[in-house]
Amino acid sequence: MEKYSSFAGKSMPMGEKIPNFSMIGVYDKQPAGIKFVKIHTKHLEGKFCVILFMDNKASDLEIKEWQAFSSSFEEFNEMNVKLIGVCTDSHIAVRAFMHDHHLQGIKFPIISDLEGELSRSFGVLKIHKDKSGAAKFDAARAVAILNDKSEMVYLQLKNEKVASDPRDIISFLRNARAEKAPTNNRESKNEEEDNISLKSNKIMFEKEKSSSKSVFLK
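Starting afresh in each chain, residues are numbered from 1 along the sequence in its written order. Only residues with pLDDT of 70 or above have their local features reported here, since the model is predicted, and side-chain atom pairs are shown and tallied only from 80 upward, although totals for entire chains, interfaces and linings are computed over all residues. Heavy atoms from the whole structure form the basis of all side-chain values; hydrogens and water molecules are not counted.

> It is not clear to me how the side chain of S150 should be interpreted in this structure. Could you clarify?
The numbering of helices and of strands both runs from the N terminus, where a helix is a DSSP run of H or I of at least 4 residues and a strand a run of E of at least 2. Positionally, S150 belongs in the loop between strand 9 (142-146) and strand 10 (152-157). We call two residues in contact whenever any of their non-hydrogen atoms come within 4.5 Å of each other. Other than its neighbours up to four places away in sequence, S150 contacts E16, K17, I18, L44 and E45.

> Hey, could you run me through the side chain of R141 in this one?
You can see R141 is positioned in the loop between strand 8 (135-139) and strand 9. Polar contacts, as used here, are pairs of N or O atoms within 3.5 Å; protein pairs need one atom able to donate a hydrogen and one able to accept it. Residues neighboring in sequence count only if both atoms are side-chain atoms. A polar contact of 2.5 Å, which involves the side chain of R141, links it to the side chain of E65. Contact partners of R141, with chain neighbours within four places excluded, come to F53, D55, L61, E65, Q156, L157, K158, N159, E160, V162, A163 and S164.

> I'm lost on the environment of R141 in this one. Help?
With a relative accessible area of 1%, R141 lands in the buried category. In the structure, R141 is positioned 89 residues away from L52 in sequence and 7.7 Å away in space, judged by C-alpha atoms. Buried residues are those whose accessible area, probed at 1.4 Å on protein chains only, stays under 20% of the maximum for their type, while exposed residues exceed 50% and partly exposed ones sit between those limits.

> Just to check I follow, could you spell out the packing of aromatic side chains for this structure?
Here the distance between the centres and the angle between the planes together describe a pair of aromatic rings. Two rings from Phe, Tyr or Trp (for Trp, the six-membered ring) form a pair when their centres are within 6.5 Å of each other. A pair whose planes differ by under 30 degrees is stacked, one over 60 is edge-to-face, and the rest are tilted. For the structure on display, the rule yields four aromatic pairs. The interplanar angle of 55° and the centroid separation of 5.1 Å between the aromatic rings of W66 and F97 together place this pair among those described as tilted. Taken together, the residues W66 in helix 1 (residues 60-71) and F97 in helix 3 (residues 91-100) connect sequence positions 31 residues apart. The same class applies to W66 as to F97, namely buried. Relative to F76, the ring of F69 has its centre 6.1 Å away and its plane inclined at 10°; by these criteria the two rings are stacked. A relative accessible area of 0% places F69 in the buried class. A relative accessible area of 0% places F76 in the buried class.

> I tried to follow a nonpolar patch on the surface on my own but got confused; where do I start?
Side chains of I24, F36 and I92 sit close together on the surface and give an oily, nonpolar patch of about 230 Å² of accessible area. As for its placement among the helices and strands, I92 is situated in helix 3. Its relative accessible area of 43% is what places I92 among the partly exposed residues. Distance thresholds for patches are 9 Å for like charges and 5 Å for nonpolar side chains (Val, Leu, Ile, Met, Phe, Trp, Tyr), applied to residues having over 30% relative accessible area and no salt bridge. Note on areas: these come from Shrake-Rupley sampling with a 1.4 Å probe, and a residue is covered only by the protein chains present in the view. Any carboxyl oxygen of Asp or Glu within 4 Å of a side-chain nitrogen of Lys or Arg constitutes a salt bridge here.

> How should the pattern of salt bridges be read in this particular structure?
Where charged atoms from two side chains of opposite charge come close, those side chains can pair. On inspection of all chains with the given rule, the structure shows four salt bridges. The partner of R141 in a salt bridge is E65, with the nearest N and O atoms 2.5 Å apart. Of the two residues, R141 is situated in the loop between strand 8 and strand 9 and E65 in helix 1; the sequence distance between them amounts to 76 residues. Residue R141 shares its accessibility class with E65, and that shared class is buried. The shortest N-O distance in the salt bridge between E117 and R120 comes to 3.9 Å. In this pair, E117 and R120 are both assigned in helix 4 (residues 117-121), three residues apart and thus about one turn of the helix distant. Here the salt bridges do not stand alone but share partners, grouping E75, R167 and R174 into one network.

> What should I look at first to understand the nonpolar core in this one?
The nonpolar side chains of a soluble globular protein tend to be buried with one another. Core analysis: the largest hydrophobic core is formed by 31 residues, its most contacted members being V50, F76, F108, I145, I169 and L173. Elements with a contribution of two residues or more to this core: strand 4 (48-53), helix 1, helix 2 (73-78), strand 5 (81-87), helix 3, strand 9, strand 10 and helix 5 (166-180). Looking at which element gives the most residues to this core, the answer is helix 5, with five residues. Discounting chain neighbours no more than four positions away, the residues touching I169 are V50, F69, F76, V143, I145 and Y154. For this analysis, a nonpolar core means a set of buried residues of the types Ala, Val, Leu, Ile, Met, Phe, Trp, Tyr and Cys, connected via side-chain atoms within 4.5 Å. Among the nonpolar cores identified, the runner-up in size contains 23 residues, and M23, L44, M152 and L157 belong to it.

Interpretation in functional terms is not warranted from these geometric data alone.
Pasting the structure below:
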């Protein structure tokens, strides 16, 4: 059977609050080492949050991406920004992946989204068929940003050749936080331009989605 892929459902609208979740995460908390931790929606409250979706392919690009965001962890932390990863493998598999690829030093927790529900809510859950025709799913490589009210303000999907750059995300966060700061002389025209710029950051592969046969998990 011919392989194909499509995204399962649409993303939540910009400005919508993330659904509540409670999931197991893998976290290398030094000096204790890699541990399993519970991560809840409430852990994100009151902070901007960057969610890094992984595609489970263990490619050099993905590994370098994990390392790049980990290297920028302190800068995210200084900005009071929560950084978490999401992977549609089990927490056991994520821990093994970190050991096998020498990623024990990753400074942010990786959520095990084994049922794909969190990835689905962001519209980044990819459905495909293997050689036997069995339906499989995983998360596409993507970056989402939540504001301090846990509302989505940014979503970008990446292809297999371009890594997500933490510098771009940090720049967006600085601009977003600056927009929240009160100013006495801001003109309405500038506010309108900022809103247009914010909305333009939502990048969904509409062309790919419309040309692919859709499959939805029951």
